Amino acid sequence: MRLRTLALSLVLVAGTGCNSSLPVATTPPSAAVRKYSGSASVGDFLAITLDPTALTLTYTNLSNGDTGVVPYTVSADGTYALNDPKHNLIAAYEVPNYALLVQAAKSGPNHDALALITAVQAGQITMSTWEGHDFNYMQFRTASGGFEAGSVSLDSQGNVSLTSYWPYGSQGQGNPFHAGGFPGSSFQADPSGTFLKQPDGNGMYDYVFGTANGIFAVDTPNGAIFGLKKAATKDFDPTFAGTYKAIYYQKTGASTGMGNVETGTASLGNASMVIDASGNVKVKDAQGATLVQATLTAVADTPYLYGTNELQDPCFGLFTFRVTTASSQQDVFVSFMDRAILFSSFKANLPWGSGNTYDYLYGVGLK
């Protein structure tokens, strides 16, 4: 499935390198073994088992063949300090039986890429889990400008239609808006019953997984796709207000050269996002200092995103804001569902052009 900045001052939080300090867990972990299916933003599909009695995290990377059993300790603040003998998985943050976020250092086909792993509770699923539902989605990747945002719909037969915005495409790379789809018959059930597969036409597979409560996810060789159930209206739902603890992947000073190879400085980091009942966002660093404040606007009310030759769906529940200065422009996207938030950001110098460097950031927050 080939679906194709909240950086603002957030890009200052992590700096460069890998930040292994994760946010404080707010839900005490239970004693039961928990199983998760996850996708790394570099394009790896993982099965993860967390055993809170043995204090081990066991993973199998179905994309690059890596496996491991990682002992962990529960820190005083409730986060997980991982002691991976292969130095792959660095740190983790969990809301038990809902979602697991992991920082990885050796992902991808060459076993050497930094990536954000987002995993959701594994369970028995079929196409009927998502048929007849609409989702807002973001695709996270580590090249081609980092992400896309838009909506994906599955009809009663599982046929897929999508519309998306690709900020990098506005930088002299072509049309930033995409629309398309494919038949539901292309999905194949895995014998485990916990995910579906779809041939990608190049001898590889996309892996489809998620939950019955409204999370639709796809792992592709081109990155991770996460969809959250679309809202009933365009307005911000005040029940989404609160404090979200987030981990994110960012790349600064990025540029794309021959062979679509993207350079830049990659890193992983964490932040706290405080959102009030009116959709005002405040981003804080690890010390609690405010980095940026902004107000979310519904994509449906954003003329440069939704309309003729743009997004073909109002994407209820997907919000944005744009920050423009004399020298740069930054687009930020945020989507909510239950206790989860997806966020992404793209920033480039003005005037936009194919020779400019750019920064991007994306991540997941839980409350």
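In this text the structure is predicted, and so the values were computed from the model without any measurement.

> Let's hear about the overall build of the chain: which residues, and what values?
When helices and strands are counted, the chain shows 1 helix and 27 strands. A buried classification covers 55% of the 367 residues belonging to the chain. As displayed, the chain has an accessible area near 13800 Å², and 52% of this comes from carbon and sulfur atoms.

> How would you sum up the sheet that holds strand 7 (residues 89–95)? Please name residues and give values.
In spatial order, the strands read 2-3-4-5-6-7-8-9; together these 8 strands close into a barrel with antiparallel pairing. Looking at each pair of strands side by side, their axes are set apart by 25° on average, direction ignored.

> Run through the packing of aromatic side chains, naming residues and quoting values.
Taken as a whole and judged by the stated rule, the model has 26 aromatic pairs. When the ring of Tyr168 is compared with that of Phe346, the centres are 6.4 Å apart and the planes differ by 70°; the resulting orientation is edge-to-face. Here Tyr168, found in the loop between strand 12 (160–165) and strand 13 (177–182), pairs with Phe346, found in strand 26 (residues 340–349); they are 178 residues apart in sequence, far enough to count as distant. Comparing Tyr168 with Phe346 shows no difference in burial state: the two are buried. Aromatic side chains Tyr360 and Tyr362 sit 6.2 Å apart centroid to centroid with 10° between the ring planes, which places their arrangement in the stacked category. Given a relative accessible area of 0%, Tyr362 falls into the buried group. Following the ring pairs from residue to residue traces out a cluster consisting of Phe140, Trp166, Tyr168, Phe226, Tyr249, Phe346, Tyr358, Tyr360 and Tyr362. The ring of Tyr98 has Arg339 sitting right over it, with the charged end atom 5.9 Å from the ring centre.

> Kindly report on the pairing of strand 10 (residues 133–140), identifying the contributing residues and their values.
Burial within strand 10 is extensive, with 6 of its 8 residues counted as buried. Strand direction decides the pairing type here: strand 10 and strand 11 (residues 147–154), joined by 8 bridges, are antiparallel. Note that in strand 11 the partner of Tyr137 across the bridge is Gly150. Turn length for the strand 10-strand 11 hairpin, with the two strands adjacent in sequence and antiparallel, is 6 residues, and the turn residue Ser144 shows positive phi of about 55°. Across 6 bridges, strand 10 lies against strand 18 (residues 223–229) in antiparallel orientation. Paired with Gln139 across the bridge in strand 18 is Ile225.

> How would you sum up the sheet that holds strand 17 (residues 215–220)? Please name residues and give values.
A sheet is described by the order of its strands in space; here 9 strands give the open sequence 13-12-11-10-18-17-16-15-14, paired in antiparallel fashion. In this open sheet, the two edge strands, each paired with only one partner strand, are strand 13 and strand 14 (188–189). Across 4 bridges, strand 15 (residues 196–199) lies against strand 16 (residues 205–211) in antiparallel orientation. Looking at the pairing, Lys197 lines up with Tyr207 of strand 16.

> Please set out the pattern of salt bridges residue by residue, giving values where relevant.
Following the criterion strictly, the structure yields 6 salt bridges and no others. A salt bridge links Lys234 to Asp301; its shortest N-O distance comes to 2.8 Å. Here the residue Lys234 occupies a position in the loop between strand 18 and strand 19 (242–256), and Asp301 occupies one in the loop between strand 23 (297–298) and strand 24 (318–324), the gap between them amounting to 67 residues. Between Arg322 and Asp331 there is a salt bridge whose closest N-O contact spans 2.7 Å.

> Now, about the side chain of Thr320: what can you tell me, with residues and values included?
Among the secondary structure elements, Thr320 is positioned in strand 24. At 2.6 Å, the side chain of Thr320 forms a polar contact with the backbone oxygen of Val332. Excluding anything up to four places from it in sequence, Thr320 contacts Thr295, Leu296, Thr297, Val299, Thr302, Leu305, Val332 and Phe333.

> Provide a residue-level description of unusual backbone geometry, including the pertinent values.
In this model, Leu350 is joined to Pro351 through a cis peptide bond whose omega is -5°. Along the polypeptide, Pro351 turns up in the loop between strand 26 and strand 27 (358–366). Of note, the phi angle at Leu55 is positive, near 55°, even though the residue is not glycine. Summarising the element assignment, Leu55 is placed in the loop between strand 3 (44–51) and strand 4 (56–61). Even without being a glycine, His111 presents a positive backbone phi close to 55°.

> Talk me through the environment of Met127; I want residue IDs and the actual numbers.
Tracing the chain through its elements places Met127 in the loop between strand 9 (113–121) and strand 10. For Met127 and Ala189, which are 62 residues apart along the polypeptide, the C-alpha to C-alpha distance reads 8.4 Å. Contacts of Met127, omitting those with residues within four sequence positions, involve Leu154, Gly158, Phe187 and Leu196.

> Account for the confidence of the model for the chain, naming residues and giving values.
For residues with low pLDDT, the predicted coordinates do not support detailed interpretation. Averaged over every residue, the pLDDT of the chain is 85; residues scoring 70 or more account for 89%. Across residues 1–28, where pLDDT falls below 50, the model places 113 contacts with residues more than four positions away in sequence or in other chains.

> Talk me through the side chain of Thr118; I want residue IDs and the actual numbers.
Structurally, Thr118 is set in strand 9. Here Thr118 falls in the buried class, since its relative accessible area comes to 6%. Not counting residues up to four positions away in its chain, the partners in contact with Thr118 are Ser37, Gly38, Ser39, Leu100, Leu101, Phe226 and Val364.

> So what's going on with the pairing of strand 25 (residues 328–337)? Which residues, and what values?
Strand 25 sits mainly inside the fold: 10 of its 10 residues count as buried. Side chains Ser328, Gln330, Val332, Val334 and Phe336 project from strand 25 onto one buried face, and the interleaved Gln329, Asp331, Phe333, Ser335 and Met337 project onto a second face that is buried too. In this structure, strand 24 lies alongside strand 25, joined through 7 bridges in antiparallel fashion. Along strand 25, the bridge assignment pairs Phe319 with Val334. Linkage of strand 24 to strand 25, two consecutive antiparallel strands, is achieved through a turn of 3 residues. As paired strands, strand 25 and strand 26 are joined by 10 bridges and run antiparallel to one another. Within strand 26, the position partnered with Val332 by the bridge is Ser345. Once strand 25 ends, the chain turns through 2 residues before running back antiparallel as strand 26, passing Asp338 with a positive phi of about 50°.

Rules behind the numbers
Residues numbered from 1 in each chain as written. Predicted model: local features only at pLDDT ≥ 70, side-chain atom pairs only at ≥ 80, totals over all residues. Heavy atoms only, no water. Helix = DSSP H or I, 4+ residues; strand = E, 2+ residues; numbered from the N terminus. Buried < 20%, exposed > 50% of the residue type's maximum accessible area, 1.4 Å probe, protein only. Areas by Shrake-Rupley, 256 points an atom, 1.4 Å probe, with all protein chains shown as cover. Pairing = 2+ DSSP bridges. Axes fitted to C-alpha atoms, helices over the stretch in contact; angles between N-to-C directions. Phe/Tyr/Trp six-rings, centres within 6.5 Å; stacked < 30°, edge-to-face > 60°. Lys NZ or Arg CZ within 6 Å of the ring centre and 35° of its normal. Salt bridge = Lys/Arg side-chain N within 4 Å of Asp/Glu carboxyl O. Polar contact = N/O pair within 3.5 Å; in protein donor to acceptor, adjacent residues only side chain to side chain. Contact = heavy atoms within 4.5 Å. pLDDT = per-residue confidence, 0-100.

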